[in-house]
Structures are given as C-alpha cells and as structure tokens.
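Coordinate inspection notes
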Amino acid sequence: MIAQNLEKIHNRINAVEHSQKIMLIAVSKTKPASDLQKAIDAGQKHFGENYLQEALEKIETLKGQNLVWHFIGPIQSNKTKPIAQNFDWVHSVDRLKIAQRFNDQRPQGLEKLNVLLQVNIDNESTKSGVLVDEIEELIPHFENFKNISLRGFMCIPNPNNAEQSFKKMAEILQKHPNLDTLSMGMSSDLDLAIKNGATFVRIGTDIFGKRS
Ligand SMILES: *Cc1c(COP(=O)(O)O)cnc(C)c1O
C-alpha cells in the first residue's frame, strides 16, 4: 500500500509540467517506524516530522539507512538542541532567536544545518511564520551564522487561495538568487505547488493514510 502510494505520488509529480528539481518529503508524523521502513524499502529517503520526541525515537530506530530528516513542526526554543543534533533540514524557522540557537548548537563535524524561513504568506493569526514584510530585514542576519545555511522558504497557505499564495512565494524566492528551496505543497495541493515552483513537496496522508 505505502509503496503503491509512493508510486502514485511520483506519477502525480511527473504529470505536472515543471523544469525545477523536486524532492518528495514523506511526512510521517504519528506513524510508526514500521510504516517508514515500508517507504524506505520502496526507495524513499527524505522524511518530515513535526513532533520532536516521536521523531527522535524513529531516527534512532531507522539509523544507518542514509535517511534525510526534515523538522517541519512548530519549534519551542528549549527544544532546539536535539533538533540541531539530529536533523538535516528545518523548515519552520520563524524568528532570529531560533536561528541563533541552531547556529550555536549545531555539532561541529556535522554539515551545516539547512534551514528555511516559514512564511505566514496569508497573514493568518492562527499560523506561525514571518510576515512577508519582515523577510528582507531578516535575511542579512543569516550571513553571521556559520553553522546553518539559509536555503529558502516554506509556507502552509490558506486552502482558499493556495495558488495565489504559491505564486507570491515564488516571487519572494526569485528576489534571492542565492537561495534555491521552496517547500510548499501537501497531499491536496501538491500539483498546484509544483506548477508554481515548489522544490520540496511535503506529503503525509496520501502516502501513509489518514492520521487519527
Ligand atoms: C502534516 C503536515 C504535512 C502533510 O500534510 P498532508 O495533508 O497529510 O499531506 C505537510 N506539512 C506540514 C507542515 C504538516 O504539518
């Protein structure tokens, strides 16, 4: 089932005309390591997790398989250290203080931690992320951080105007030729996201089934 679902997602990705390279991130929050192993056996390497404790358990259980781990959930500042120690990417950086902590806490000997700024693209009070107006002021600060690498942006748009928001995100990325990553598109809107420039798509339900 999981292997077939992955194949369907790859077919969906290929069905959308695009020139950018796309990485499929399997969002495995709340799912057991045995489900992730099925995806790994079908060739999946990148996994996205939202909750630190369960993520750390799965990272330990599945180690030695060359996986790439993405932290995509809300970040509490007292939880940054295990994230800096165990993940390859963080999509949900929404304030400088968090970036500073990742920079200070990334272990020497590991590659730089890749980070994305989460953008509250529709200016919704219920969502985290930096506002569009704050982005340009924040970016230069990242030059001071030697242990993390700002790669681009992530968003979770309001479903009512997802396409418009994806287009806005692509415009923001275009202003920064040194950045290369746009994390956008989930099970319901991955096609629209790819059409509008996504380079990472984050798919949970359509790979692993509904979450309880
Ligand atoms: C849960 C989650 C996803 C996956 O959503 P699906 O609709 O299950 O594909 C993607 N991104 C984030 C930030 C999530 O929390």
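Provided above is the structure to which this section pertains.
Nothing here was measured: the structure is a model prediction, and the numbers come from that model.

1. Details of empty space enclosed by the protein
- This model, assessed by the stated rule, comprises 1 cavity of 30 Å³ or more.
- In this structure, the largest cavity occupies an estimated 40 Å³ of space.
- What lines the largest cavity is simply Gln-118, Val-119, Asn-120, Ile-121, Asp-122, Glu-124, Lys-127, Ser-128, Cys-155 and Ile-156.
- Grouping the constituent residues of the lining of the largest cavity by class yields 4 nonpolar, 3 polar and 3 charged.

2. Some details on the site of the ligand
- Taken together, 13 residues surround the ligand, and among them Lys-29, Asn-50, Ser-187, Arg-202 and Thr-205 come closest.
- Between an oxygen atom of the ligand and a side-chain N or O atom of Lys-29, the distance comes to 2.7 Å.
- For the ligand, whose accessible area on its own is 390 Å², the fraction buried by protein is 88%.
- Among the residues forming the shell around the ligand, the class breakdown is 6 nonpolar, 4 polar and 3 charged.

3. Points about unusual backbone geometry
- Positive phi outside glycine occurs at Thr-30, with the angle close to 70°.
- Its place among the elements puts Thr-30 in the loop between β1 (23–27) and α2 (33–41).
- Judged by relative accessible area, which is 41%, Thr-30 ranks as partly exposed.
- We note that Asn-66 has phi near 60°; this positive angle belongs to a residue other than glycine.
- Mapped onto the elements of the fold, Asn-66 is located in the loop between α3 (52–61) and β3 (68–71).
- Overall, the relative accessible area of 66% leaves Asn-66 in the exposed class.

4. Considering helix α1 (residues 2–15)
- For α1, with 14 residues, the first-to-last C-alpha span of 20 Å sits near the 20 Å given by 1.5 Å per residue.
- Among all positions in α1, only Ile-2, Asn-5, Leu-6, Ile-9 and Ile-13 are buried. Down the axis, α1 shows its buried residues gathered within 100° of arc, on one side only. Along α1, the residues that are exposed and aim more than 90 degrees away from the buried face are Gln-4, Glu-7, Lys-8, Asn-14 and Ala-15.
- Of the surrounding elements, those touching the buried residues of α1 are β1, α2, α8 (190–195), β8 (200–203) and α9 (205–208).

5. Quick word on the pairing of strand β2 (residues 46–49)
- A two-sided burial pattern is seen for β2, the buried positions comprising His-46 and Gly-48 on one face and Phe-47 and Glu-49 on the other.
- Here β1 runs beside β2; their pairing, made up of 2 bridges, is parallel. Within the sheet, the bridge partner assigned to Val-27 lies in β2 and is Gly-48.
- Running through α2, the crossover from β1 to the neighbouring parallel element β2 is right-handed.
- Judged from the 4 bridges that link them, β2 and β3 form a sheet pairing that is parallel.

6. Points about the environment of Glu-7
- Checked against the element boundaries, Glu-7 lands in helix α1.
- A sequence separation of 74 residues divides Glu-7 from Lys-81, and the C-alpha atoms of the two residues are 35 Å apart.

Procedures and definitions
- Residues numbered from 1 in each chain as written.
- Predicted model: local features only at pLDDT ≥ 70, side-chain atom pairs only at ≥ 80, totals over all residues.
- Heavy atoms only, no water.
- 1 Å grid on protein atoms, 1.4 Å probe; cavity = no way out; pocket = protein on both sides within 12 Å on 5 of 7 lines; lining within 4 Å.
- Points joined across faces, edges and corners; volume = space filled by probe spheres on them.
- Nonpolar A, V, L, I, M, F, W, Y, C, P; charged D, E, K, R; others polar.
- Near = heavy atom within 4 Å.
- Polar contact = N/O pair within 3.5 Å; in protein donor to acceptor, adjacent residues only side chain to side chain.
- Areas by Shrake-Rupley, 256 points an atom, 1.4 Å probe, with all protein chains shown as cover.
- Helix = DSSP H or I, 4+ residues; strand = E, 2+ residues; numbered from the N terminus.
- Buried < 20%, exposed > 50% of the residue type's maximum accessible area, 1.4 Å probe, protein only.
- Expected span 1.5 Å × (residues − 1).
- Arc of directions from axis to C-beta.
- Contact = heavy atoms within 4.5 Å.
- Pairing = 2+ DSSP bridges.
- Right-handed = clockwise from strand over helix to strand, strands pointing away.

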